[in-house]
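Here are the chains, one letter per residue:
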Amino acid sequence: RKEVEQDPGPFNVPEGATVAFNCTYSNSASQSFFWYRQDCRKEPKLLMSVYSSGNEDGRFTAQLNRASQYISLLIRDSKLSDSATYLCVVTSYSSASKIIFGSGTRLSIRP
Amino acid sequence: DVKVTQSSRYLVKRTGEKVFLECVQDMDHENMFWYRQDPGLGLRLIYFSYDVKMKEKGDIPEGYSVSREKKERFSLILESASTNQTSMYLCASSLTTGELFFGEGSRLTVL
């Protein structure tokens, strides 16, 4: 079983829709959680950190469920520019090498 | 803004050639990383470095070596390139675990 798993998609939704996807992790000792965004043929960029209490940044909401070992990303009022691959990242403080990337979920927003 | 610069965006090499990929960051980050990204496999860590002259193997170090003589520079070396090393190579740096800043990537093709 992969340490971090994501549904690869693609998720194809109309502009203005709300879309959510999850990421599950297997190591219960994981400490920090992040969502990255990667545009086609570009490098990944940090979208947002995921805090235990959940956090919101404009149209984006990230949540952590430690009991069930998953994080989620919700995008409201989706825009064409939201089309990208979303990578979840799970880390452990024990080592900088324990930064585990999911394979990504591809999102495509249609007009 | 943090800037991570990779020396070559596109390279084409022949099997058996020695390949150098260079990465420079301008934010005095302690940690630097080399990943490769392949379709369906996500990002896989090759090596990382947490200080000058310090390095640790990641998940797939075979066929690669690294050098970190200065804090801002982290080089990836393919001693004898093979066709299965055709990939996108991404360098990253970070101050804290999980918040990585990536370079634009180097797409290597080995013929």
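The structure under discussion appears in the preceding block.
Here the structure is a predicted model, which means the values were calculated and not measured.

Trainee: Teacher, can you tell me more about the state of the cysteines here?
Mentor: Working definition: the covalent bond between the sulfur atoms of two cysteines is a disulfide. Residues and elements named next belong to chain A. According to the stated counting rule, one finds two disulfides over all chains in the structure shown. Through a disulfide, C23 is tied to C88; the S-S separation comes to 1.8 Å. Remark: C88 occurs in strand β9 (residues 84-91) and C23 occurs in strand β3 (residues 19-25); sequence separation between them is 65 residues. C23 sits in the buried class, given a relative accessible area of 0%. Under the relative-accessibility criterion, C88 is labelled buried at 0%.

Trainee: Honestly, the interface of chain A and chain B in this entry has me stumped. Any pointers?
Mentor: One widely used convention gives an interface's size as the accessible area the parts lose upon coming together. Counting from both sides, the interface comprises 17 residues of chain A and, opposite them, 20 residues of chain B. For the pair chain A and chain B, the number of links is zero salt bridges. Counting the contacts that link chain A with chain B gives two residue pairs in polar contact (both at pLDDT 80 or more). Listing elements by their share of the side of chain A that touches chain B, those giving two or more residues are β4 (32-38), β9 and β10 (99-101) of chain A. Ranked by residues supplied to the side of chain A that touches chain B, first place goes to β4(A) with three residues. Grouping the amino acids of the side of chain A that touches chain B by side-chain chemistry returns eight nonpolar, six polar and three charged.

Trainee: Explain the pattern of salt bridges here, please?
Mentor: Counted according to the given criterion, the structure contains twelve salt bridges over all chains. Between E56(A) and R76(A) there is a salt bridge whose closest N-O contact spans 3.5 Å. One end of the pair, E56(A), is in strand β6 (residues 55-57); the other, R76(A), is in the loop between β8 (70-75) and β9, with 20 residues separating them in the sequence. Since its relative accessible area comes to 58%, E56(A) is described here as exposed. Judged by its relative accessible area of 26%, R76(A) is partly exposed. Among the ionic pairs, D28(B) bridges to K71(B), the shortest N-O distance being 3.1 Å. Of this pair, D28(B) sits in the loop between β3 (19-25) and β4 (31-38) while K71(B) sits in the loop between β7 (65-70) and β8 (73-78); the two residues are 43 residues apart in sequence, bridging distant segments of the chain.

Thresholds, definitions, all that
- Residues numbered from 1 in each chain as written.
- Chains lettered and ligands numbered in written order.
- Predicted model: local features only at pLDDT ≥ 70, side-chain atom pairs only at ≥ 80, totals over all residues.
- Heavy atoms only, no water.
- Disulfide = S-S within 2.5 Å.
- Helix = DSSP H or I, 4+ residues; strand = E, 2+ residues; numbered from the N terminus.
- Buried < 20%, exposed > 50% of the residue type's maximum accessible area, 1.4 Å probe, protein only.
- Contact = heavy atoms within 4.5 Å.
- Salt bridge = Lys/Arg side-chain N within 4 Å of Asp/Glu carboxyl O.
- Polar contact = N/O pair within 3.5 Å; in protein donor to acceptor, adjacent residues only side chain to side chain.
- Nonpolar A, V, L, I, M, F, W, Y, C, P; charged D, E, K, R; others polar.

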